[in-house]
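Structure at a glance
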Amino acid sequence: MCPVCGGLVEVGYQIDEPHPDRWPALWRGRQGSGSVADRSGVWRFRELLPFLADDQEPISLGEGSTPLVSAPGAASWAGLEHLQVKHQGVNPTGSFKDLGMTACISHAVAQGAEMVACASTGNTSASMAAYAARAGIRALLFIPGGAISSAKLAQATDFGALVVEAGSNFDQSLKILRLAATALGCYVVNSINPYRLEGQKTLVAELLEQRGWLVPDCIVVPGGNLGNVSSIAKGLAELLGFGLIGKLPRLIVVQADGADPFFRLWSSGSLVLEPVLDPETRATAIRIGNPANWPKALRALRWTDGTCESVSDAEIGAAKDALSRDGIGCEPASATTVAGLRKLRAAGQIEPEADVVAILTGHQLKDVDYIIEERTATERRLRLGKEPDRETTPEVIAAWLATLS
Ligand code: F0G
């Protein structure tokens with residue numbers, strides 16, 4: 001926290017001899033290295049985050065290097081000619097949080113921290129627990145009681161995290177954590193920690209590298225605590241400053257209708273965020289009413305000529321279906337991106353031929369409860385008895401298949 005303005009701080013560097021002309025080849029070359037940290041999609045770009053001492057090994061689980069694939073079905077559903085998705089769910093703990101976590105747990109270790117803590121809607125906690133286990137330090141987790149996906153909580157438990165149920169939503173959990181952290185001597189790893197954003201900003205370097213440094217027209221992200229969009233903007237500012245890119249993509253944030261304080265701020269033109277006191281959405285990862293990073297996010301959208309949209313749970317479900325038809329699974333929060341694109345396209349705010357990348361933030365299996373609850377009505381399943389019968393079994397299956405469209 002800045003002692004002067006009360007805002008969140010940001011990491012800045014004095015890089016004495018930058019060599020942006022040599023970096024792309026250096027970064028690409030490290031992919032073939034035998035070292036996990038060299039291959040990591042974060043530490044491969046270490047010239048952009050030079051905060052560790054030369055002799056400190058980062059705490060890395062081989063994060064990043066996630067796939068960038070086309071999603072033709074989702075593109076046409078959204079009214080676009082083409083769409084690429086960058087799947088951050090394909091990370092060690094299944095979400096984009098691992099990029100930031102490797103950076104801030106490494107920093108925590110450098111500071112001599114013995115216990116790290118976070119408030120979380122689930123993914124940050126799973127990621128923190130894994131990286132803390134790797135570093136051999138304790139992980140203390142503050143979660144809203146009964147409000148996070150059981151798969152995410154299971155991950156954190158599996159990695160040995162200590163769990164405190166605090167409040168009934170993320171905002172309350174974070175408030176309680178911030179109150180207790182100093183007294184408990186915890187190093188806080190939420191995205192109010194600027195080192196988290198340092199790790200997460202490498203997403204944009206990796207994305208642009210995969211595109212041969214061709215800048216897309218738009219990059220779309222879900223909006224919760226708004227750390228992700230802030231980190232992408234910081235990454236873009238640095239790449240632009242070093243001359244690695246010559247223009248900016250529009251950054252687009254999509255929130256869920258019941259948890260959309262930033263969308264309200266953006267569309268009203270107000271300068272101060274009015275928190276949503278009782279946020280509600282089936283996309284529990286982004287069920288946040290008072291996002292800490294909103295000033296950075298607002299700066300990011302203004303600077304990139306970006307925009308913000310909000311979508312209903314039904315629209316999120318339909319977008320998730322569209323991605324599933326492309327063979328791409330993700331958790332509900334990630335599907336807000338495609339739902340938002342469809343809405344912005346229908347409103348004429350994006351051209352059909354726009355070159356768009358959606359960031360899918362979490363893995364399909366992160367919210368299995370959602371799939372079971374939302375999909376059982378459309379599930380297509382035939383139940384057979386225990387014993388197969390050579391004559392009737394194929395007939396029964398064939399008859400069932402014939403009834404399906
Ligand atoms: N998508 C997923 C899957 C998330 O888990 C989160 C945030 C977001 C999007 C939003 O990102 O906060 O940077 O705007 N999850 C946090 C957590 C809050 O505790 O796991 P953001």
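Above this text is the structure in question.
Report on the accompanying structure. This one's a predicted model, so the numbers in the text were calculated from it and none came from an experiment.

**Here we look at the overall build of the protein chain**
When you go through the protein chain residue by residue, the secondary structure sums to 16 helices and ten strands. A compact globule built from 405 residues should have a C-alpha radius of gyration of about 22 Å, and the protein chain, at 22 Å, falls within 12% of that. Its C-alpha atoms put the protein chain at 75 × 50 × 45 Å along the principal axes. In the protein chain, buried positions account for 55% of the 405 residues. In the protein chain, the proportion of contacts linking residues at least 24 apart, taken out of those at least 6 apart, comes to 72%. As presented, the protein chain carries roughly 17400 Å² of accessible surface, and 53% of it is formed by carbon and sulfur atoms.

**Details of the site of the ligand**
In the region of the ligand, 20 residues are neighbours, and Ser-120, Asn-225, Leu-226, Asn-228 and Thr-361 sit closest. Here an oxygen atom of the ligand sits 2.8 Å away from a polar atom, N or O, in the main chain of Thr-124. With respect to the ligand, the backbone of Leu-226 contributes an N or O atom lying 2.7 Å from an oxygen atom. The fraction of the free accessible surface of the ligand (480 Å²) that becomes covered by protein chains is 99%. For the ligand, the cavity whose grid points lie within 2 Å of the majority of its atoms is the largest cavity. At the level of secondary structure, the elements contributing two or more residues to the shell around the ligand comprise helix 5 (123-135) and helix 10 (227-241). In terms of residue class, the shell around the ligand is made up of seven nonpolar, eleven polar and two charged.

**Observations concerning helix 9 (residues 202-210)**
Burial of helix 9 is extensive: eight of the nine residues sit out of reach of the surface. Phi turns positive one or two residues past the end of helix 9, at Gly-212, with a value near 60 degrees.

**Describing a nonpolar patch on the surface**
A cluster of nonpolar side chains, contributed by Leu-384, Val-396, Ile-397 and Leu-401, occupies part of the molecular surface with about 320 Å² of accessible area. Of note, Leu-384 is situated in the loop between helix 15 (368-375) and helix 16 (392-403).

**Quick notes on the side chain of Thr-307**
Inspection of the secondary structure assignment puts Thr-307 in strand 9 (residues 307-311). Residue class for Thr-307 comes out buried when judged on its relative accessible area of 8%. Apart from residues no more than four positions distant in its own chain, Thr-307 is found in contact with Arg-250, Leu-251, Ile-252, Val-253, Trp-266, Leu-301, Leu-344 and Gln-349.

**So, the side chain of Asn-228**
Considering the arrangement of structural elements, one finds Asn-228 in helix 10. Here Asn-228 falls in the buried class, since its relative accessible area comes to 6%. Discounting chain neighbours no more than four positions away, the residues touching Asn-228 are Phe-96, Gln-200, Val-221, Ile-359 and Thr-361.

**Quick word on the nonpolar core**
If you look at the biggest cluster of nonpolar residues, it comprises 67 residues, and the most contacted ones within it are Val-116, Val-189, Val-229, Leu-239, Leu-251 and Phe-262. In this view, Val-116 contacts Ile-105, Ala-108, Met-128, Ala-132, Ile-137, Arg-138, Ala-139, Leu-140, Tyr-187 and Val-189; residues no more than four positions away in its chain are not counted. By size, the runner-up hydrophobic cluster in this structure holds 34 residues, among which are Ala-74, Ala-78, Ala-283 and Ile-350.

**Some words on the pattern of salt bridges**
For the structure on display, the rule yields 17 salt bridges. Here Glu-198 ties to Lys-234 by a salt bridge, and the two come within 2.7 Å at their closest N and O atoms. One end of the pair, Glu-198, is in helix 8 (residues 194-200); the other, Lys-234, is in helix 10, and 36 residues separate them in sequence. No difference in accessibility class separates Glu-198 from Lys-234, as the two residues are buried. Connected via shared salt-bridge partners are Glu-198, Lys-201, Lys-234 and Glu-238.

**Observations regarding helix 10**
Taking 1.5 Å per residue, 15 residues should reach 21 Å; helix 10 reaches 21 Å between its end C-alpha atoms and fits that length. The element helix 10 is largely enclosed, with a buried count of twelve among its 15 residues. In this fold, the buried residues of helix 10 make contact with helix 8, helix 9, strand 7 (218-222), strand 8 (250-256), helix 12 (294-303) and strand 10 (356-360). Gly-243 lies just past helix 10 and shows a positive phi near 75 degrees.

**Considering empty space enclosed by the protein**
Empty space among the atoms becomes visible once a probe the size of a water molecule is rolled across them. Applying the stated rule across the entire model yields one cavity of 30 Å³ or more. By volume, the largest cavity amounts to about 320 Å³. Together, 28 residues line the largest cavity, and Phe-96, Lys-97, Gly-224, Asn-225 and Ala-285 are the ones closest to its centre. Sorting the residues of the lining of the largest cavity by element identifies helix 5, helix 8, strand 7 and helix 10 as the ones contributing at least two each. A per-element tally of the lining of the largest cavity places helix 10 first, with three residues.

**Brief notes about the environment of Leu-214**
As for its placement among the helices and strands, Leu-214 is situated in the loop between helix 9 and strand 7. We classify Leu-214 as exposed; its relative accessible area is 53%. In this structure the C-alpha to C-alpha distance between Leu-214 and Gly-246, which are 32 residues apart in sequence, comes to 9.5 Å. The contact partners of Leu-214, leaving out residues within four places of it in the chain, are Leu-208 and Asp-355.

Procedures and definitions
- Residues numbered from 1 in each chain as written.
- Predicted model: local features only at pLDDT ≥ 70, side-chain atom pairs only at ≥ 80, totals over all residues.
- Heavy atoms only, no water.
- Helix = DSSP H or I, 4+ residues; strand = E, 2+ residues; numbered from the N terminus.
- Rg over C-alpha atoms; globule rule 2.2 N^0.38 Å.
- Buried < 20%, exposed > 50% of the residue type's maximum accessible area, 1.4 Å probe, protein only.
- Contact = heavy atoms within 4.5 Å.
- Areas by Shrake-Rupley, 256 points an atom, 1.4 Å probe, with all protein chains shown as cover.
- Near = heavy atom within 4 Å.
- Polar contact = N/O pair within 3.5 Å; in protein donor to acceptor, adjacent residues only side chain to side chain.
- 1 Å grid on protein atoms, 1.4 Å probe; cavity = no way out; pocket = protein on both sides within 12 Å on 5 of 7 lines; lining within 4 Å.
- Sits in = over half its atoms within 2 Å of the grid points.
- Nonpolar A, V, L, I, M, F, W, Y, C, P; charged D, E, K, R; others polar.
- Patch = residues over 30% accessible without salt bridge, like charges linked within 9 Å, V, L, I, M, F, W, Y side chains within 5 Å.
- Salt bridge = Lys/Arg side-chain N within 4 Å of Asp/Glu carboxyl O.
- Core = buried A, V, L, I, M, F, W, Y, C linked by side-chain atoms within 4.5 Å.
- Expected span 1.5 Å × (residues − 1).
- Points joined across faces, edges and corners; volume = space filled by probe spheres on them.

Purely geometric numbers; function is a separate question.
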